[in-house]
Amino acid sequence: MSSRITWFNRELIIYIFRSTGWIGFLYLVGLIFALPLEMLAIILNENNDYVEFENLFSCQQMIQFVLVIVIPVLLAIFLFRFLQMKQASDFIHSLPITRRSIYVHMIGTGIGFMGLPILLTGSILVLFHSAIDIERLYTMTDIWSWMGTTFILEALIFSVAVLIGMVTGLSAFQGLLTYIFLALPVGLFVLFTANVKFLIAGFSADYYLSANMNGISPLLAATEMEKITFFSINTLIYSILTFLFLISSLFLYEKRKLEYVSQAFAYPKIKPLFKFGLTLCMMLFTGLYFSETTGEPGWIFFGYTVGSLLGYYLGEIVLQKTWRIRVNLKGYVAFIVAIIVLVFIIKIDPLQYKAKIPDEKMISQIYIGNSPLFFEDDETLDNSSDYLKEKENIEAIRLLHQEIIEKGKKVSIGELNDGQSVFLMYELKNGKRLARGYHLQNYDSYMPLLAKIYESNEYKKMVNELLNVSAENVSKIKVTASGQVDKSITITDSQQLEAAVQALSADLNNQSFAQMTSSFGDYASIDILLNNNETIYMNWDSSYTQFSKWMESTGQSEKARLMADDISYILVAKTDSEIYHSNSESELAQQIEQQPNRLKIKTASEIETAIDNAQIDWGGEYSAAFYYKESRDVDIKSFSGEHVPGFILDHFNER
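Residues numbered from 1 in each chain as written. Predicted model: local features only at pLDDT ≥ 70, side-chain atom pairs only at ≥ 80, totals over all residues. Heavy atoms only, no water.

- The protein chain is annotated in an unreviewed UniProt entry as DUF6449 domain-containing protein of Peribacillus simplex NBRC 15720 = DSM 1321.

1. As for the overall build of the protein chain
Then, in step 1: Counting its regular elements, the protein chain contains 23 helices and 11 strands.
Then, in step 2: Relative to a compact globule of 655 residues, whose C-alpha radius of gyration would be 26 Å, the protein chain shows 33 Å and is clearly more extended.
Then, in step 3: Overall size of the protein chain, expressed as C-alpha extent along the three principal axes, is 115 × 70 × 60 Å.
Then, in step 4: Every one of the 655 residues in the protein chain was classed for burial, and the buried ones make up 47%.
Then, in step 5: Look at the contacts in the protein chain between residues 6 or more apart in sequence, and 72% of them connect residues 24 or more apart.
Then, in step 6: For the protein chain, the accessible surface area stands at approximately 33900 Å², while carbon and sulfur atoms represent 57% of it.
Then, in step 7: Taking the 51 positively charged and 69 negatively charged side chains of the protein chain as two groups, their mean positions are separated by 15 Å. (Helix = DSSP H or I, 4+ residues; strand = E, 2+ residues; numbered from the N terminus. Rg over C-alpha atoms; globule rule 2.2 N^0.38 Å. Buried < 20%, exposed > 50% of the residue type's maximum accessible area, 1.4 Å probe, protein only. Contact = heavy atoms within 4.5 Å. Areas by Shrake-Rupley, 256 points an atom, 1.4 Å probe, with all protein chains shown as cover. Lys, Arg positive; Asp, Glu negative; His and termini not counted. Charge placed at Lys NZ, Arg CZ, Asp CG, Glu CD.)

2. Thoughts on the pattern of salt bridges
Then, in step 1: In total, this model carries 6 salt bridges according to the counting rule given.
Then, in step 2: A salt bridge links E316 to K275, with the shortest nitrogen-to-oxygen separation between them at 3.1 Å. Here E316 is found in helix α12 (residues 297–320), whereas its partner K275 is found in helix α11 (residues 270–293), with 41 residues between them in sequence.
Then, in step 3: Of the residues examined, E316 reaches a relative accessible area of 6% and is grouped as buried.
Then, in step 4: Ionic pairing is found between R561 and E608, a salt bridge with its closest N-O pair at 2.7 Å. With R561 in the loop between α20 (557–560) and β8 (567–574) and E608 in helix α22 (residues 604–613), this residue pair connects regions lying 47 residues apart in the sequence. (Salt bridge = Lys/Arg side-chain N within 4 Å of Asp/Glu carboxyl O.)

3. As for the UniProt feature "domain: DUF6449" (unreviewed entry) in the protein chain
Then, in step 1: Feature annotation in UniProt places "domain: DUF6449" (unreviewed entry) on residues 426–514, given in this structure's numbering.
Then, in step 2: Helix makes up 38% of residues 426–514 and strand makes up 26%, while its end C-alpha atoms are separated by 25 Å. (UniProt positions renumbered as here; feature names shortened; annotations may be inferred.)

4. What to know about the sheet that holds strand β5 (residues 488–491)
Then, in step 1: Strand order across the open sheet formed by 4 strands is β5-β4-β6-β7, with antiparallel pairing between neighbours. Each end of this open sheet is capped by a strand with a single partner; those strands are β5 and β7 (535–541). Averaged over all adjacent pairs, the angle separating strand axes in this sheet is 15°, with direction ignored.
Then, in step 2: With 7 bridges connecting them, strand β6 (residues 522–530) and β7 associate as antiparallel partners. Each residue of the ladder has a partner; that of D527, found in β7, is Y537.
Then, in step 3: Along the sheet, helix α17 (residues 494–510) makes contact with β4 (474–481), β5, β6 and β7, crossing β4 at roughly 65°. (Pairing = 2+ DSSP bridges. Axes fitted to C-alpha atoms, helices over the stretch in contact; angles between N-to-C directions.)

5. Re the nonpolar core
Then, in step 1: M39, F80, F82, Y103 and Y138 are the most contacted members of the largest nonpolar core, which totals 77 residues.
Then, in step 2: For this core, the element with the most residues is helix α6 (residues 140–167), which contributes 15 residues.
Then, in step 3: Other than its neighbours up to four places away in sequence, F82 contacts Y15, A88, S89, I92, H93, I102, M106 and Y253.
Then, in step 4: Listed in part, the 51 residues of the second largest apolar core include V479, M551, V644 and L649. (Core = buried A, V, L, I, M, F, W, Y, C linked by side-chain atoms within 4.5 Å.)

6. A word on the side chain of Q365
Then, in step 1: Relative to the elements of secondary structure, Q365 occurs in strand β1 (residues 363–369).
Then, in step 2: Among the residues examined, Q365 registers a relative accessible area of 15% and is labelled buried.
Then, in step 3: Here the side chain of Q365 touches K389 through a polar contact of 3.4 Å, side chain to side chain. (Polar contact = N/O pair within 3.5 Å; in protein donor to acceptor, adjacent residues only side chain to side chain.)

7. Quick look at the packing of aromatic side chains
Then, in step 1: All chains considered together, the criterion is met by 31 aromatic pairs.
Then, in step 2: Look at W22 and F78: their rings are 5.4 Å apart centre to centre, the planes differ by 85°, and that puts the pair in the edge-to-face class. Taken together, the residues span a long stretch of sequence, with W22 in helix α1 (residues 10–34) and F78 in helix α3 (residues 61–79) at a distance of 56 residues.
Then, in step 3: In this structure W22 comes out as partly exposed when scored by relative accessible area, which is 40%.
Then, in step 4: By relative accessible area, F78 is classed as partly exposed at 27%.
Then, in step 5: Arranged with centres 6.1 Å apart and planes meeting at 75°, the rings of F181 and F245 form a pair that is edge-to-face. Remark: F245 occurs in helix α10 (residues 233–255) and F181 occurs in helix α7 (residues 171–196); sequence separation between them is 64 residues.
Then, in step 6: The exposure class of F245 is buried, given its relative accessible area of 17%. (Phe/Tyr/Trp six-rings, centres within 6.5 Å; stacked < 30°, edge-to-face > 60°.)

8. Quick look at unusual backbone geometry
Then, in step 1: Positive phi, normally seen in glycine, also occurs at D349, with a value near 55°.
Then, in step 2: Its place among the elements puts D349 in the loop between α13 (329–348) and β1.
Then, in step 3: We note that N533 has phi near 70°; this positive angle belongs to a residue other than glycine.
Then, in step 4: The residue N533 is located in the loop between β6 and β7 in this model.
Then, in step 5: Owing to a relative accessible area of 65%, N533 belongs among the exposed residues under this scheme.

9. A short note on the environment of M225
Then, in step 1: Relative to the assigned elements, M225 resides in the loop between α9 (218–221) and α10.
Then, in step 2: Between the alpha carbons of M225 and T168 there is a distance of 30 Å; along the sequence they are 57 residues apart.

10. Let's talk about the domain arrangement of the protein chain
How big an interface is tends to be stated in terms of accessible area lost as the parts join.
Then, in step 1: According to the domain assignment, the protein chain contains domain 1 (10–183 + 216–265), domain 2 (360–462), domain 3 (465–559) and domain 4 (564–652).
Then, in step 2: Computed from C-alpha atoms alone, the centre-to-centre distance between domain 1 and domain 2 is 47 Å. (Domains from an automatic or database assignment.)

11. Section: the packing of α6 against α10
Geometry of a packed helix pair, given as the angle between the helix axes and the separation of the axes.
Then, in step 1: Two elements in contact, α6 and α10, have axes whose closest approach is 8 Å; the angle formed by their N-to-C orientations is 25°. When the axes of α6 and α10 are compared, the pair comes out roughly parallel. Here α6 runs over α10; the crossing is left-handed. Two secondary-structure elements touch here, α6 through I152, L153, A155, L156, S159, V160, V162, L163, M166 and V167 and α10 through T235, Y238, S239, L241, T242, F245, L246, S248, S249, L252 and Y253.
Then, in step 2: Tallied by class, the residues present in the contact of α6 with α10 amount to 15 nonpolar, 6 polar and no charged. (Parallel < 35°, antiparallel > 145°, perpendicular 65-115°, else oblique. Left-handed = near helix turned anticlockwise from the far one by under 90°. Nonpolar A, V, L, I, M, F, W, Y, C, P; charged D, E, K, R; others polar.)

Rendered as structure tokens:
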């Protein structure tokens, strides 16, 4: 009697339930603990009346995250574990059933073990919602969205784990490779982006890395499930990818040779891809590590070399399943040659990336700053106030950009080197953007061009909020003295508010580029409370001449700012980076006290001069410890350049 092949095999279903059914039960228990039981506890607890969730993913988020990323992988491993065990493989494939039918059984029960717990949990939540008024906790729409999104994410992770299972003969390797594969899009993007900046001047890795990349990896997307919308482009792409991965898995399963049990890879052609992929990732990772920790080209090159060798060696260990291997150097040399060719192509810049500056007619507006980290790439927010639109500023920025390109040899490759960063973002009229970031070692040579931009009225209005409000919008101004001094005043009179706002606005409009970038003579902090309850924060320093005059004319200056009478004495010593390495102000003050040639300033006129010229940071040529009359605490400031008072230069015989 001939054997009959059917689509349903009872023996196989029993086998699947015995080997994998516990995972579905475990998943159901986990979901019930994470959602229905948690909801029940909140409902029964009278003290939790004000508990609210953004959506159902916010409830026991960590438990849900672990379940979503672990259960599908476990299911895929145990469902197709027969491919990695000879005895089980012989049993399954001896059944009167085709491979395609076996695959459908496995995938169908796997989807059932994921879907049924979600369906049961959702049903319990529906019952709660129907029986009790818990609209503040979740709605019916939340339940459908939670069920759909959870299933789509798990189905995608499951399909990836199944696909990996088709190409490997080791269960543990299947789990490891699944998570690597899921995180690979983001990992490769980060590594390539962070390393390309070494080769292409102007490439802003920070700009591209600041973008939200969680969507391109379902593993990272699961960390923020509460932000996923069911009807979105991401869930559509996840669904399509799930279908493609499952079809590809079926194709590979039907082609797979059964004798590859316990082998790292069932398809020999994948081995070089794995080995060289691991070598490339290790090379980029170690190069990036030494870049971030040392910033030195020599160490970065060392990182690339060590990382590539280590990655190549680890690849051979995995493939040969032993650490006692003979490394095939021909393959490594071929890899290095390929990398050198790739680096050469990037360096010659065939796309003219480094020299590209948009034509003035194509530009609608430009953002300029030190870093893209402050750039809000959120279409829901109004970022128009962060851009420069005037023709003069657009021309000046293009000229600055052109000069940076022409002096491009001075652009550093390490972030730890001296220099300043400039980030440019062109918004083009066709809706596209062009972003460039430079870390300039020769920053001072660009000062004239930068000053033209930063001293423009448009730029000052962009960075100073006070220039965009009128005195009528201000309800109160509070001025608090700097340093270890307990002095402050509050201005509420309308006439005084108007005069103070006018004086501060005049000072901001008159600020030079040097005054904008460096603060000397820190007097006080200013909090400007607006009628809409927002607050503008400013520092009052010695460059605010109009405001200083107005405060003196009203007799409020001595009550609100740091004065010579508040200081007991000041100790000044030459800054020595080898000595002044402490981060503690008290320790640094002790080191200044121990300097044999230190200068002690006690007269009121010299203390006032020191206050007017001291800078807040410690990077000046002379370090100064400010001792107060009414406090035991000490402040460390410094003097540099033209702001070093003459009596200090005389003391150290440097004039």
